[in-house]
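Analysis of the macromolecular model
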Amino acid sequence: MAERGQLPPPAKRLCCRPGYGSACRPGQRAGGAGLASGALCAGPSSAAAAAALGLLPLGKTQSPESLLDIAARKVAEKWPFQRVEERFERIPEPVQRRIVYWSFPRSEREICMYSSFNTGADDPTAAAAGGVATAPGGAADPAAAADENRLPFRRGIALLDGGCVDNVLQVGFHLSGTVTEPAMQSEPETVCNVAISFDRCKITSVTCSCGNKDIFYCAHVVALSLYRIRKPDQVKLHLPISETLFQMNRDQLQKFVQYLITVHHTEVLPTAQKLADEILSQNSEINQVHGAPDPTAGASIDDENCWHLDEEQVQEQVKLFLSQGGYHGSGKQLNLLFAKVREMLKMRDSNGARMLTLITEQFMADPRLSLWRQQGTAMTDKYRQLWDELDSSNRPHRTVFTRAIEACDLHWQDSHLQHIISSDLYTNYCYHDDTENLLFDSQGWPLWHEHVPTACARVDALRSHGYPREALRLAIAIVNTLRRQQQKQLEMFRAQKKELLHRGVTSITNLEGWVGHPLDPIGTLFSSLMEACRVDDESFHGFSDFTDHVGQCKSLDYHHLPAHKLFEEGESYLTLAVEVALIGLGQQRIMPDGLYAQEKVCRNEEQLISKLQEIELDDTLVKIFRKQAVFLLEAGPYSGLGEVIHRESVPMHTFAKYLFTSLLPHDAELAYKTALRAMRLLVLESTAPSGDMSRPHHIASVVPNRYPRWFTLSHIESQQCELASTMLTAAKGDVRRLETVLESIQKNIHSSSHIFKLAQDAFKIATLLDSLPDITLLKVSLELGLQVMRMTLSTLNWRRREMVRWLVTCATEVGVYALDSIMQNWFTLFTPTEATSIVATTVMSNSTIVRLHLDCHQQEKLASSARTLALQCAMKDPQNCALSALTLCEKDHIAFETAYQIVLDAATTGMSYSQLFTIARYMEHRGYPMRAYKLATLAMTHLNLSYNQDTHPAINDVLWACALSHSLGKNELAAIIPLVVKSVKCATVLSDILRRCTLTTPGMVGLHGRRNSGKLMSLDKAPLRQLLDATIGAYINTTHSRLTHISPRHYSEFIEFLSKARETFLMAHDGHIQFTQFIDNLKQIYKGKKKLMMLVRERFG
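Overview of the structure. These numbers come from a predicted model, not from an experiment.

**So, the overall build of the chain**
Secondary structure assignment for the chain yields 47 helices and 11 strands. By the burial criterion, 50% of the 1101 residues in the chain qualify as buried. Counting only contacts in the chain whose residues sit at least 6 apart along the sequence, the fraction spanning at least 24 positions is 73%. If you sum the accessible surface of the chain, you get close to 52,700 Å²; carbon and sulfur atoms cover 54% of it.

**Focus: the side chain of T575**
Counting through the fold element by element, T575 comes out in helix α23 (residues 573-586). The class for T575 is buried, based on a relative accessible area of 2%. A distance of 2.8 Å separates a polar atom in the side chain of T575 from the backbone nitrogen of S572.

**So, the pairing of strand β7 (residues 174-181)**
Along β7, 6 of the 8 residues are buried, which leaves the element largely enclosed by surrounding structure. Between the antiparallel neighbours strand β6 (residues 165-171) and β7 lie 2 residues, among them G172 with a positive phi of about 60 degrees. Pairing of β7 with strand β8 (residues 190-199) involves 8 bridges; the strand directions are antiparallel. From the neighbouring strand, L175 faces β8, where its bridge partner is I196.

**Remarks on unusual backbone geometry**
What is expected of a backbone is that most residues other than glycine have negative phi and most peptide bonds are trans. Backbone geometry places N167, a non-glycine residue, at a positive phi of 55 degrees. Tracing the chain through its elements places N167 in strand β6. Phi angles above zero are rare outside glycine, and R200 is one such case at about 50 degrees. Note on placement: R200 falls in the loop between β8 and β9 (202-208).

**What about the side chain of S781?**
Among the structural elements, S781 can be located in helix α31 (residues 775-792). When sequence neighbours within four positions are dropped, the list of residues in contact with S781 reads A759, A762, F763, W806 and C810.

**Some remarks on helix α19 (residues 452-464)**
Between its first and last C-alpha atoms α19 spans 18 Å; for 13 residues at 1.5 Å apiece the expected length is 18 Å, and the two agree. Within α19, 11 of the 13 residues are buried, leaving the element largely enclosed by the surrounding structure.

**Re the pairing of β8**
By the criterion of burial, β8 is predominantly enclosed, with 7 of the 10 residues buried. Note: β8 against β9, 6 bridges, orientation antiparallel. Bridging from a neighbouring strand, A195 pairs with T207 of β9. What sits between β8 and β9 in their antiparallel hairpin is a turn of 2 residues, with R200 showing a positive phi close to 50 degrees.

**Focus on the packing of aromatic side chains**
With the rule as written, the count across this model stands at 19 aromatic pairs. Between F763 and W806 the ring centres are 5.8 Å apart and the planes differ by 75 degrees, which places this aromatic pair in the edge-to-face class. Highlighted residues: F763 in helix α30 (residues 752-766) and W806 in helix α32 (residues 800-814), separated in sequence by 43 residues. In this structure W806 comes out as buried when scored by relative accessible area, which is 12%. Look at F1075 and F1078: their rings are 6.3 Å apart centre to centre, the planes differ by 55 degrees, and that puts the pair in the tilted class. With a gap of 3 residues between them, F1075 and F1078 both fall in helix α46 (residues 1071-1085), about one helical turn apart. Judged on exposure class, the residue F1075 and its partner F1078 are both buried. Ring pairing ties together the aromatic residues F81, F104, F173 and F198, which thus form one cluster. When the ring centre of W102 is taken as origin, the NZ or CZ atom of R73, which lies over that ring, is 5.6 Å away.

**Details of empty space enclosed by the protein**
Considering all chains together, one arrives at 11 cavities of 30 Å³ or more under this definition. Estimates place the volume of the largest cavity at around 100 Å³. Lining the largest cavity are 13 residues, with C602, E605, P651, T654 and I716 positioned closest to its centre. Put simply, the parts of the chain that give the lining of the largest cavity at least two residues each are α24 (595-613), α26 (653-663) and α28 (713-730).

**A short note on helix α9 (residues 219-230)**
Between the first and last C-alpha of α9 there are 16 Å, a value that for 12 residues agrees with the 16 Å anticipated at 1.5 Å per step. Within α9, 11 of the 12 residues are buried, leaving the element largely enclosed by the surrounding structure. For α9, the full list of buried residues reads A219, H220, V221, V222, A223, L224, S225, L226, Y227, R228 and I229.

**Things to note about the nonpolar core**
Core analysis: the biggest nonpolar cluster contains 205 residues, and L728, F830 and L935 have the highest contact counts within it. Ranked by residues supplied to this core, first place goes to helix α20 (residues 468-503) with 11 residues. The residues contacting L935, other than those within four sequence positions of it, are Y900, V903, L904, L916, I919, A920 and M923. Residues F81, L160, V206 and V221 belong to the second largest nonpolar core, which totals 64 residues.

**Focus on a nonpolar patch on the surface**
Judged by side-chain polarity, I241, F256, V257 and L260 come together as a nonpolar surface patch covering roughly 300 Å² of accessible area. Broken down by element, the nonpolar patch gets its largest block of residues, 3 residues, from helix α11 (residues 250-263). Tracing the backbone through its elements, the reader meets L260 in helix α11. Residue class for L260 comes out partly exposed when judged on its relative accessible area of 43%.

**Quick word on the packing of helix α34 (residues 832-843) against helix α37 (residues 878-889)**
Viewed as axis vectors pointing N to C, α34 and α37 meet at an angle of 30 degrees, and their least axial separation amounts to 8 Å. Viewed along their axes, α34 and α37 adopt a mutual orientation that is roughly parallel. Crossing hand, α34 versus α37: left-handed. Touching P832, T833, T836, S837, A840 and T841 of α34 are N880, C881, S884 and L888, all from α37. Counted by class, the contact of α34 with α37 contains 4 nonpolar, 6 polar and no charged residues.

**Things to note about the pattern of salt bridges**
Here the structure, examined in full by the defined rule, presents 41 salt bridges. Between R230 and E108 there is a salt bridge, with the nearest N and O atoms lying 2.6 Å from each other. Taken together, the residues R230 in helix α9 and E108 in helix α5 (residues 108-113) connect sequence positions 122 residues apart. We classify R230 as partly exposed; its relative accessible area is 26%. Among the residues examined, E108 registers a relative accessible area of 1% and is labelled buried. We note a salt bridge from R867 to D892, for which the minimum N-O separation is 3.9 Å. Within this pair, whereas R867 is found in helix α36 (residues 856-876), its partner D892 is found in the loop between α37 and α38 (893-907), the two being separated by 25 residues in sequence. Here R867 falls in the buried class, since its relative accessible area comes to 12%. Counted as one network, the salt bridges with shared partners bring together R483, E571, E579 and K627.

Cut-offs applied
Residues numbered from 1 in each chain as written. Predicted model: local features only at pLDDT ≥ 70, side-chain atom pairs only at ≥ 80, totals over all residues. Heavy atoms only, no water. Helix = DSSP H or I, 4+ residues; strand = E, 2+ residues; numbered from the N terminus. Buried < 20%, exposed > 50% of the residue type's maximum accessible area, 1.4 Å probe, protein only. Contact = heavy atoms within 4.5 Å. Areas by Shrake-Rupley, 256 points an atom, 1.4 Å probe, with all protein chains shown as cover. Polar contact = N/O pair within 3.5 Å; in protein donor to acceptor, adjacent residues only side chain to side chain. Pairing = 2+ DSSP bridges. Expected span 1.5 Å × (residues − 1). Phe/Tyr/Trp six-rings, centres within 6.5 Å; stacked < 30°, edge-to-face > 60°. Lys NZ or Arg CZ within 6 Å of the ring centre and 35° of its normal. 1 Å grid on protein atoms, 1.4 Å probe; cavity = no way out; pocket = protein on both sides within 12 Å on 5 of 7 lines; lining within 4 Å. Points joined across faces, edges and corners; volume = space filled by probe spheres on them. Core = buried A, V, L, I, M, F, W, Y, C linked by side-chain atoms within 4.5 Å. Patch = residues over 30% accessible without salt bridge, like charges linked within 9 Å, V, L, I, M, F, W, Y side chains within 5 Å. Salt bridge = Lys/Arg side-chain N within 4 Å of Asp/Glu carboxyl O. Axes fitted to C-alpha atoms, helices over the stretch in contact; angles between N-to-C directions. Parallel < 35°, antiparallel > 145°, perpendicular 65-115°, else oblique. Left-handed = near helix turned anticlockwise from the far one by under 90°. Nonpolar A, V, L, I, M, F, W, Y, C, P; charged D, E, K, R; others polar.

What follows is the structure, encoded as structure tokens:
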């Protein structure tokens, strides 16, 4: 909020000499010698001053305050100084001094409020103190502490403590000084000039030469302000400058002006000359006004008394936050601004309303608002997150302003309401339980029947505007009302229970839930009651001594404070706070529409539970938990944990997890019953209860059977998974509990990834290193894993391979019977590929045999199951499983032959050449060359290599097949060459095969080591003649194909290709003639390609 080195605004007060003119002020200040001399600010006693400033509590001062100081302090708080001057004929100088002295702010709380964001604590003292930031566990949070130390208030304290404040001078209602900013690593030392104007204990304007642009006062303004508050006796105090000037004669005034101009001639000389010219002009405007302004003379009667707020910076900051788009990064800053508004309102500072108005104006000025309106974009998820302070709602035809407008119609004149908030003793023991909206309950305590969010908004308003006791009284009345309504609802449901359960229908009791509501009714009640648990009477007013808390960490210990008049025996603010939180969290409510509203439901629930977790449960609180858990289980449609709930009811997983962990040490049966009831997630069920339209007078029904858009469904499912995991962990060692939890998981969780996570969690818990494996929990883990396998068998899942491997590991830990079982039932769990390549292969590995310490009989039993699985998989998916089946069956002759026959049967129709070549190579490697040859010939029938595919991946397989045939003998080679000629049209591949076949004699080392004759095969006879002709033909066809679209840059490459072709031509007895004719033919056909044909002639003639 520091104004960037600007001149202070012109003074509104006009001061003149007595008798100067008819418009002079009627009162006059008492003159006297020494008025221009400085005087210290200290009053009659430094201890009294300290007490007045709050440094020492009243009643503990060393000497009593004087009547002058008491009166001056009160006048300084309430009266503008002009009114004081006009009220009294003469004002003695000591009185003036004491009024001026007491007019400066006395509390550091307000300085902090205008120089730092509220930390978010419910207690304003702790928030303002800026104490050491703590993590949720109570340990110091370094990151939060670092952020806090960068706040202007904390930096200002550091500057003050470092002795950086100097030249402090108070002239009337104006304070000035210099603050030295120490040199940093990259910045030199700087001296900032600070000026502060004040009136009636409020800073009204600030000026600093640091150039800071922010909503807050800069650290230099903070340092100077705190110096004046903490060290008033070290500040020289002068009366307003006009008083000093009144004491000067003409010569003194002239000397004063000339010296002032001389010292500052570069800055003020033009202004001085202009003023002189106007004063010397008889008709100038300045001569029409009596007196002259004095910036140090205090406020005039018409001046508004409020703290300085840099409105322009507020607008700029909000505009900046909005311009960042998305509102996720800027949302925190905007929430802090709203928190600052609340803080100001709580201090009864008028700037709170002004700041909220400025924020509102910037929202409405956002250009995207009109753009969204033109596009027809709903505002619910765009602006709603910024408008929770003014409300938004999901009900049809309601805008974000609807509830704000409705709030204008609220009044506080109801006599019953006035009695509730004004007295702790308001009771009535004449109780009649025959009306719906009683004013008092059976104990005589007042009740307040109103729409719950609206009633809680009243509590929030009282707290926000500095009426904490009144807010607390109303909060207690609302909680008592909710408890009575809860009991009535239970009785009502019990009367209808048989009918509702028989029909299997339910109704939602509240379309607009309390947790996640824009007005946060439950959070408001909880905070109000919890605040009363940890503050004393004085600080509960919100104005406790601030200085005592500076630098301290506010304790988060909560206590059962002595019984309130309106409590039952043993009850306290703490028990009420906990109970109302449980009531709100357990309320059955419809999931709202829209991403933001649904996120808010989850977020608010987690925030409330987080606050509850800070409370250490004692016997009293455990009773509350038991009471509410029982109610939630028995309350039917009024509870989110009722026996039958609506399909779109907000799930209770997060809340139930908290209830479970809280109740488990005290009442395990109730804990499990509650958690198991909460496991359901009906929105994912294909059949769900419908709404009950039969009792519209007390239940709001919901239209059923539409698929809702739950944007937070993934988060909800993860919370469901967390609840299940918590129960599994707690149930370790308890067979009955584990079976019950397993059954609940299998029934209610519909996400395979979450069930897999639970299976892994159970496996980890069951196999902890420091204990023997829990076989029951291992079986639960296996059962969950099997369910995952069944769920993902026919769907794509990128983690499927990981899941399969994990399941085999889990089954291994369970034992050999589990491995045997998953192999025998593989078709319901795995694909054929998974069953052979992962499951059976892992089961048959040496590591598994060693891990399970299997004997020969057990090994053979597993091997038999693995072979059976392999053959079944090969029959079902020979393309992908044949090789694995052969591998698994190779130690059993019958199984191996069966697998081989499956391959042969599938080769003609269902298998590709690459699969057949792979199996053929396997057969050769295992010593079955004739079977390899058979499979290679079958593979060749599936292959087709065109003329330009000289880099095809199957080329190596073709060369290998030909080499295998060549090694087996002439007959085998003669049989495969026709297949090669038919399948391969690529000239370079054919020439390579031809060359290899002519290097050695076929069958040089045949089967059974039999040696063949050493005679090479003739190229003039079959089968090589057929291969040679095919190769020459391929070169001719390829040549014509390449010449069709050849470009000059490929000419040299083409000549080399013809050279290779000539080598093949020359292998024939008449090859020279054929090649010559071929070249002549090219020259004739392609004579238009003159340059290319010239190159052909040069190389080939």
